[in-house]
Amino acid sequence: MINKEVKTIKEAIKGVESGMTFMFGGFGLCGIAENSILELSKLNINNLTCVSNNAGIDDFGLGLLLKRRQIKKMISSYVGENEEFERQMLSGELEVELIPQGTLAERCRAGGAGIPAFYTPAGHGTEVAIGKEERIFNNKPHILENALVADFSFVKAWKGDTAGNLIFKGTARNFNPLMAMAGKITVAEVEELVPIGELDPNQIHTPGIFVQRIIKGNNFEKRIENLTTIN
Amino acid sequence: MALDKNGIAKRIAQELQNNTYVNLGIGIPTLVANYIPKDVNVIFQSENGILGMGPFPKKGQEDPDLINAGKQTITSELGAVIFDSAISFAMIRGGHVQLTVLGAMEVSQNGDIANWKIPGKMVKGMGGAMDLVASSENIIVAMTHTNRKGMSKLLKKCTLPITGINCVKKIVTDLAVINVTKKGFELLERAPGVTVDEIINSTDAELIINGEIAEMSL
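The text that follows walks through the structure, step by step, so that each part is easy to find. (Residues numbered from 1 in each chain as written. Chains lettered and ligands numbered in written order. Predicted model: local features only at pLDDT ≥ 70, side-chain atom pairs only at ≥ 80, totals over all residues. Heavy atoms only, no water.)

**Structural notes on the interface of chain B and chain A**
When the parts come together, some accessible area is lost, and that loss is often what is quoted as the size of the interface. Rule in force here: The contact criterion used throughout is that any non-hydrogen atoms of two residues lie within 4.5 Å. Buried area, as used here, totals the accessible surface that two parts lose on assembly, with accessibility defined by a 1.4 Å probe and the loss added over both. Here, a salt bridge means any side-chain nitrogen of Lys or Arg that lies within 4 Å of a carboxyl oxygen of Asp or Glu. For the purposes of these results, a polar contact is taken to be a pair of N or O atoms within 3.5 Å, where, inside protein, one atom must be able to donate a hydrogen and its partner to accept one; residues adjacent in sequence count only when each atom of the pair is a side-chain atom. For the purposes of this entry, the term helix denotes a DSSP run of H or I that reaches at least four residues, the term strand denotes a run of E that reaches at least two, and both are numbered from the N terminus.
Listed as interface residues are 46 residues of chain B and, on the opposing side, 49 residues of chain A. Between chain B and chain A the total buried area reaches about 3900 Å² when both faces are included, carbon and sulfur atoms providing 60% of it. Where chain B touches chain A, the interface holds five salt bridges. For Asp-63 of chain B, the salt bridge identified is with Lys-169 of chain A, shortest N-O distance 3.4 Å. Connecting chain B to chain A are 24 residue pairs in polar contact (both at pLDDT 80 or more). Elements represented by at least two residues in the side of chain B that touches chain A include exactly α3 (85-93) and α4 (129-135) of chain B.

Here it is as structure tokens:
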């Protein structure tokens, strides 16, 4: 087995540069690579293209990179709940490509799976289809969408082993396995890092071949964006 | 009297078919889960990656790793399953989710829906709505009949950027239940105490009215 464990967050994100494309797993604040994001927000890198379903909130998640104007372009499906994001977008400082959520997921999956493009019905007849090739399959129009890849993918899992195998918990899984596949260098943060042999091979969600570096995250706040309870 | 949000949700709940997979959007659609008829078994899918979504947790039992697509804390039912976003949209695009209920800012009489963008004002994004409306075989819209300015949201043609074309099958508003047919909007039911004339006056598009229009039974 290849040992992919890194001990410090600095080592985990080593090699990041201005102008790169990063993918960030997570849905809202659920399942985000908190430690990597925090560390990236301390570096003097900018002009980043970030692929992430959402853009965090003002003071957490990708909101930290937005606040420091490190992001040039966001590729996302839903970007509510972030005032700084909205301000930068409406003023034209930030370039934003909004794409359907399923298309975003599949573009990442395709990027990691060696599929350069695919046809989907989502977005046909809308703004999303402008400039894209259209083709009819089974009497239904589809549009051609390109795969996405990243220089770095930052993902978060529940458990992992030193070979980079990952197990996610709950809906914190979301985009993480897909973005792990699409990163040239995928950095996985885990809550629990175990030696090889401790994870049941049948239960692993992301095979370690997709992960280049794995680190036990120091502290996970795991903030809840929309706490909803019943009495 | 016009229905409130819960009234709309209650009426939509009557549309749920036994043993089906259903995706509920954010807002009024989420409330539908509170009114499932006793003899009907439905399994709720949330596109962030869960099938078998349960009610909101009791206070103190919330789990930051278990949320719905509205980012609200949830619980899971027995037999629930968790998956990644690609599998989730495989269920949706592949036509395996049988009913989608979602909100809208506008619906046109040919079934186009607009619900993701007000140019220059609000640009939050489409989330999973474009994938959902492109593929679900049955799409029900839950919305108020008119917007805050009192303008009809049921139009001959959408004015806002659209989310999907020719896809909405039924609309339940605070005033009426409307079928989207090849010929346009067909008025099926009116809210308790609301007259057909009131509905016509609140609707920009033409309404097809066949005979007596029954009152909703809630």
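From this point, the narrative continues.
**So, the environment of Ile-12 of chain B**
All names here are of chain B. Worth spelling out the cut-off: When a residue's accessible area, from a 1.4 Å probe over protein chains only, is under 20% of the maximum for its type it is buried; when over 50% it is exposed; and in between it is partly exposed.
Its place among the elements puts Ile-12 in helix α1 (residues 5-13). In this structure Ile-12 comes out as buried when scored by relative accessible area, which is 0%. The residues touching Ile-12, leaving out its near neighbours within four places in the chain, are Val-32, Val-101, Ile-140, Val-141, Ala-142 and Val-172.

**A word on the sheet that holds strand β6 (residues 134-137) of chain A**
Residues and elements named next belong to chain A. The condition is simple: Note on pairing: DSSP must find at least two bridges between two strands before they are called paired. Note on method: axes are straight lines fitted to C-alpha atoms, helices fitted across the in-contact stretch only, with angles between N-to-C directions ranging 0 to 180 degrees.
With antiparallel pairing, three strands are arranged side by side in an open sheet as β5-β7-β6. Every other strand in the sheet has two partners, leaving β5 (117-120) and β6 as the edge strands with one partner each. On average, each strand axis in the sheet is tilted by 40° relative to the strand beside it, whichever way the strands run. Judged from the four bridges that link them, β5 and strand β7 (residues 140-146) form a sheet pairing that is antiparallel. Directly across from Tyr-119, in β7, lies its bridge partner Leu-144.

**Looking at the pairing of strand β14 (residues 184-190) of chain B**
Note on strand geometry: in a regular strand, side chains alternate between the two faces of the sheet. Residue and element names in this part refer to chain B. Of all seven residues making up β14, five are buried, and the element is well covered by its neighbours. When strand β13 (residues 176-181) meets β14, the two strands line up antiparallel, connected through six bridges. The partner of Val-180 across the bridge, within β14, is Phe-185. Taking the residues between adjacent antiparallel strands as the criterion, β13 and β14 are bridged by two residues. Where β14 meets strand β15 (residues 207-208), two bridges bridge the pair, whose relative direction is parallel. Considered in β15, the bridge of Glu-186 is made with Ile-208.

**Describing the environment of Pro-177 of chain A**
Inspection of the secondary structure assignment puts Pro-177 of chain A in helix α6 (residues 176-182). Take Pro-177 of chain A: its relative accessible area is 7%, and that puts it in the buried class. For the pair Pro-177 of chain A and Leu-166 of chain A, spaced eleven residues apart in sequence, the C-alpha to C-alpha distance is 8.6 Å. Contacts of Pro-177 of chain A, omitting those with residues within four sequence positions, involve Phe-168 and Thr-206 of chain A together with Asp-84 of chain B.

**As for the pattern of salt bridges**
Scanning the model with the defined rule gives 25 salt bridges over all chains in all. The residue Lys-222 of chain A makes a salt bridge to Glu-191 of chain A at a minimum N-O spacing of 3.0 Å. Of this pair, Lys-222 of chain A sits in the segment after β11 (213-216) while Glu-191 of chain A sits in strand β10 (residues 183-194); the two residues are 31 residues apart in sequence, bridging distant segments of the chain. Among the ionic contacts, a cluster of salt bridges with common partners joins Lys-156, Lys-169, Glu-191 and Lys-222 of chain A together with Asp-63 and Asp-65 of chain B.

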